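# Close look at the chain arrangement
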Amino acid sequence: MKTSIQEQEGKIVATLAGELDTAAALEVEQALQPLLESKGRDIVIDCTDLEYIASSGLRILLSILKQAKAHDSKVVLKNVNDDIREVFKLTGFISIFDFE
């Protein structure tokens, strides 16, 4: 699992690549920690190369969303493939996240 974070046009963009499974969750959570501290800035999570997400990955994204909302920021999931979008539908998360 690979992650990267950069600033683009005043937003924080995190890129996820690989499988966000239980084994990778702790490492990804630590790598995405700066997103929890991005007070007042919108966050884009680019899922172009994300192949799989487990419930532990959903939990990480949910905690990022909760923290962002507490600071009046938005979180947008970008380029989510159909399989991962289906996971969001099945869990009900489709209605709480914004997608591009």
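Structure shown above.
## Describing helix α4 (residues 82-91)
An α-helical turn contains 3.6 residues, so any two residues separated by three or four positions project in the same direction. Looking at where α4 begins, the residue whose side-chain oxygen comes 3.0 Å from the main-chain nitrogen of aspartate 83 is asparagine 81. The first or second residue beyond α4 is glycine 92, which carries a positive phi of 85°.

## Brief notes about the packing of aromatic side chains
Within the structure shown, the criterion is met by 4 aromatic pairs. The interplanar angle of 65° and the centroid separation of 6.4 Å between the aromatic rings of phenylalanine 88 and phenylalanine 93 together place this pair among those described as edge-to-face. For phenylalanine 88, a relative accessible area of 1% gives the class buried. Here phenylalanine 93 and phenylalanine 97 contribute two aromatic rings whose centre-to-centre distance is 6.2 Å and whose plane-to-plane angle is 25°, an arrangement assigned as stacked. Using a relative accessible area of 17% as the deciding quantity, one classes phenylalanine 93 as buried. Under the relative-accessibility criterion, phenylalanine 97 is labelled buried at 4%. In this structure an aromatic cluster arises from ring pairing among Phe88, Phe93, Phe97 and Phe99.

## Focus: unusual backbone geometry
Of note, the phi angle at glutamate 9 is positive, near 50°, even though the residue is not glycine. The topology assignment puts glutamate 9 in the loop between β1 (2-8) and β2 (11-20). Assessed through its relative accessible area of 83%, glutamate 9 is described here as exposed. Although it is not a glycine, asparagine 79 adopts a positive phi angle of roughly 60°. Summarising the element assignment, asparagine 79 is placed in the loop between β4 (75-78) and α4. We classify asparagine 79 as partly exposed; its relative accessible area is 37%.

## What to know about the side chain of aspartate 46
Along the chain, the position of aspartate 46 falls in strand β3 (residues 43-53). Put simply, aspartate 46 is tucked away with no salt bridge, and the nearest opposite charge, on lysine 78, sits 5.2 Å away. Polar contacts involving the side chain of aspartate 46 include one to the side chain of asparagine 79, which spans 3.5 Å. In contact with aspartate 46, not counting residues within four places along its chain, are Ala14, Thr15, Leu16, Lys78 and Asn79.

Criteria and cut-off values
- Residues numbered from 1 in each chain as written.
- Predicted model: local features only at pLDDT ≥ 70, side-chain atom pairs only at ≥ 80, totals over all residues.
- Heavy atoms only, no water.
- Polar contact = N/O pair within 3.5 Å; in protein donor to acceptor, adjacent residues only side chain to side chain.
- Helix = DSSP H or I, 4+ residues; strand = E, 2+ residues; numbered from the N terminus.
- Phe/Tyr/Trp six-rings, centres within 6.5 Å; stacked < 30°, edge-to-face > 60°.
- Buried < 20%, exposed > 50% of the residue type's maximum accessible area, 1.4 Å probe, protein only.
- Lys, Arg positive; Asp, Glu negative; His and termini not counted.
- Salt bridge = Lys/Arg side-chain N within 4 Å of Asp/Glu carboxyl O.
- Contact = heavy atoms within 4.5 Å.

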